[in-house]
Amino acid sequence: MTHNLAIGCDIGGTKIASGIVNTQTGAIIATTRKKTKASDNDLDLVKKIENSIDELLLESKIKTSDITAIGLGIAGMVDRSKGILLEAANIKTGNLSITEPISQKFKIPAYLGNDVEVATIGEMHFGAGQNCENFHCIFVGTGIGSGLVINNKLIQGFTGTAGEIGHIMLIPNGKICGCGNYGCLEAYASRLAISKNILKYINKGYETCITDKIDLDKGILRSKAITDAISKNDKVVINCVLEASNFLAMGISSVLNLINPEKIILGGGLIDVCDLYFQNFCNQLKYYSLKIPGKKTIVQKAQLGDFAGIIGAAKLTQFYL
Ligand SMILES: [Zn+2]
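Source: prediction; values computed, not measured. (Residues numbered from 1 in each chain as written. Predicted model: local features only at pLDDT ≥ 70, side-chain atom pairs only at ≥ 80, totals over all residues.)

1. Let's talk about the overall build of the protein
Part 1 of the reasoning: Helix and strand counts for the protein come out as 11 helices and 13 strands.
Part 2 of the reasoning: Here the C-alpha atoms of the protein give a radius of gyration of 20 Å, agreeing with the 20 Å that 2.2 N^0.38 yields for 321 residues.
Part 3 of the reasoning: Projected onto its principal axes, the C-alpha positions of the protein cover 60 × 45 × 35 Å.
Part 4 of the reasoning: With 321 residues in all, the protein has 45% of them scored as buried.
Part 5 of the reasoning: Considering only contacts in the protein between residues 6 or more positions apart, those separated by 24 or more positions represent 64%. (Helix = DSSP H or I, 4+ residues; strand = E, 2+ residues; numbered from the N terminus. Rg over C-alpha atoms; globule rule 2.2 N^0.38 Å. Buried ≥ 20, exposed ≤ 12 C-beta atoms within 10 Å, placed from the backbone. Contact = placed C-beta atoms within 7 Å.)

So this is what it looks like as structure tokens:
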């Protein structure tokens, strides 16, 4: 029996990915991944997590007696000490107990964190944040979230909501954001912001090769469709990507000036595939920041990709054991 194996679950709005991870090395022993649909019953979310873990154990043939703990990273606001999901897109009522039923079912201790928090923990221990005491890890997707590590410690803040870089206000009375405020960074620099911007060009009659790849009602567009259009030298898409990454650089320049981290780590689907966004961000960050931090701060891509959540959630358990 090994004492280093933990289960990590990465629970997003549309998928649950689980894995058995060696918490000393970060190696993934087995994984399972399933798409999920929104349900009318909040308890279904707990059931889906349990099913994912059941499947993982069955397929890997690893016994629960060999697992030290279960770590869960979930997209939403969490109460870490009570193991409760307070608010999330995939629950209706709020205050959903997550760790208690899961821990009871598998007879293993379970711990809860936010999805961006656990992804940052993953990068901190096994990815781009290794051997770096001060860094800011930013994930660009539909929204923008981040984890801030200062003196080797992940900052949670007074109400446990630190790192919400997507909701710093960039433009007074600007575009409406998912949080209800106006002018947030997320409303200008996320993948959704790029999609909405492209949609605006389409509606004004601009030519772009992306028209049939975009959900015209919701403005949903995949990262791959964006990079395909860039490789075809699509001017509309290139403009929108450059504009979005400029805005991200503006927002993050404030972090450089305020916190002066050693590294900025960028992750998320768009960063993984879109070099134009990443390179332009690096250039513009220098431009918007004060000279010394702008020159010295290292900007790097996250290294764990889709597995950051699983690995980080498994590693999270070690903080409690
Ligand atoms: Zn916002």
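2. Observations regarding helix H3 (residues 115–126)
Part 1 of the reasoning: When the terminal C-alpha atoms of H3 are compared, their 16 Å separation across 12 residues agrees well with the 16 Å that a helix rising 1.5 Å per residue should span.
Part 2 of the reasoning: The buried count for H3 comes to 11 of 12 residues, which makes it a mostly enclosed element.
Part 3 of the reasoning: Taken together, the buried positions of H3 are occupied by Asp 115, Val 116, Glu 117, Val 118, Ala 119, Thr 120, Ile 121, Gly 122, Glu 123, Met 124 and Phe 126. (Expected span 1.5 Å × (residues − 1).)

3. Describing the sheet that holds strand E5 (residues 77–79)
Part 1 of the reasoning: One open sheet holds the 3 strands; their spatial order is E5-E6-E7, and the pairing between them is antiparallel. Single-partner strands in this sheet number two, and they are E5 and strand E7 (96–97).
Part 2 of the reasoning: Note that strand E6 (residues 84–87) and E7 share 2 bridges and pair antiparallel. Directly across from Leu 85, in E7, lies its bridge partner Leu 96. (Pairing = 2+ DSSP bridges.)

4. A look at the packing of helix H5 (residues 191–203) against helix H7 (residues 235–259)
Part 1 of the reasoning: It is at 9 Å that the axes of H5 and H7 come closest, and there the two elements cross at 140°. By the angle class used here, H5 and H7 are oblique. With respect to the hand of their crossing, H5 and H7 are arranged in right-handed fashion. The residues of H7 that touch H5, namely those facing Ala 193, Ile 194, Asn 197, Ile 198 and Tyr 201, are Val 236, Val 237, Cys 240, Val 241, Glu 243 and Ala 244.
Part 2 of the reasoning: Grouping the amino acids of the contact of H5 with H7 by side-chain chemistry returns 9 nonpolar, 1 polar and 1 charged. (Axes fitted to C-alpha atoms, helices over the stretch in contact; angles between N-to-C directions. Parallel < 35°, antiparallel > 145°, perpendicular 65-115°, else oblique. Left-handed = near helix turned anticlockwise from the far one by under 90°. Nonpolar A, V, L, I, M, F, W, Y, C, P; charged D, E, K, R; others polar.)

5. Section: the domain arrangement of the protein
Part 1 of the reasoning: Annotation of the protein at the domain level lists domain 1 (5–121 + 307–319) and domain 2 (131–302).
Part 2 of the reasoning: Here domain 1 and domain 2 have C-alpha centroids that lie 27 Å from each other.
Part 3 of the reasoning: Per-element tally for the side of domain 1 that touches domain 2: the top contributor is H3, with 5 residues.
Part 4 of the reasoning: For the side of domain 1 that touches domain 2, the per-class residue count stands at 5 nonpolar, 1 polar and 2 charged. (Domains from an automatic or database assignment.)

6. With respect to unusual backbone geometry
Part 1 of the reasoning: Even without a glycine there, the phi angle at Lys 107 is positive, about 55°.
Part 2 of the reasoning: Within the fold, Lys 107 resides in the loop between helix H2 (99–106) and strand E8 (110–114).

7. As for the sheet that holds strand E1 (residues 5–11)
Part 1 of the reasoning: The 5 strands lie next to each other as E3-E2-E1-E4-E8, forming an open sheet whose pairing is mixed. Only two strands of the sheet have a single neighbouring strand rather than two, namely strand E3 (28–35) and E8. Sheet twist, expressed as the average angle between the axes of neighbouring strands with direction ignored, equals 15°.
Part 2 of the reasoning: Pairing of E1 with strand E4 (residues 70–74) involves 5 bridges; the strand directions are parallel. When the bridges of E4 are listed, Gly 8 appears paired with Gly 71.
Part 3 of the reasoning: In the packing of helix H1 (residues 43–60) onto the sheet, the strands contacted are E1, strand E2 (15–22), E3 and E4, and the crossing angle to E3 comes to about 140°.
Part 4 of the reasoning: Sheet strands touched by H3: E1, E4 and E8. Its angle to E4, the strand with the most contacts, is close to 120°.

8. Re the pairing of strand E10 (residues 144–150)
Part 1 of the reasoning: With 6 of 7 residues buried, E10 is to be regarded as a mostly interior element.
Part 2 of the reasoning: Taken together, the 6 bridges between strand E9 (residues 135–140) and E10 define a ladder with antiparallel strand orientation. The residue bridging Cys 137 from the neighbouring strand is Gly 147, located in E10.
Part 3 of the reasoning: A loop of 3 residues connects E9 with E10, the two strands running antiparallel in sequence.
Part 4 of the reasoning: In this structure, E10 lies alongside strand E11 (residues 153–154), joined through 2 bridges in antiparallel fashion. In the sheet register, Val 149 faces E11, and the bridge partner there is Leu 154.

9. Some remarks on the nonpolar core
Part 1 of the reasoning: Core analysis: the largest hydrophobic core is formed by 93 residues, its most contacted members being Leu 72 and Ala 244.
Part 2 of the reasoning: Of the residues that make up this core, three or more belong to each of domain 1 (5–121 + 307–319) and domain 2 (131–302).
Part 3 of the reasoning: Beyond its immediate sequence surroundings of up to four residues, Leu 72 is in contact with Cys 9, Ile 11, Ile 49, Ile 98, Thr 99, Ala 110, Tyr 111, Leu 112 and Ala 313. (Core = buried A, V, L, I, M, F, W, Y, C linked by C-beta atoms within 7 Å.)

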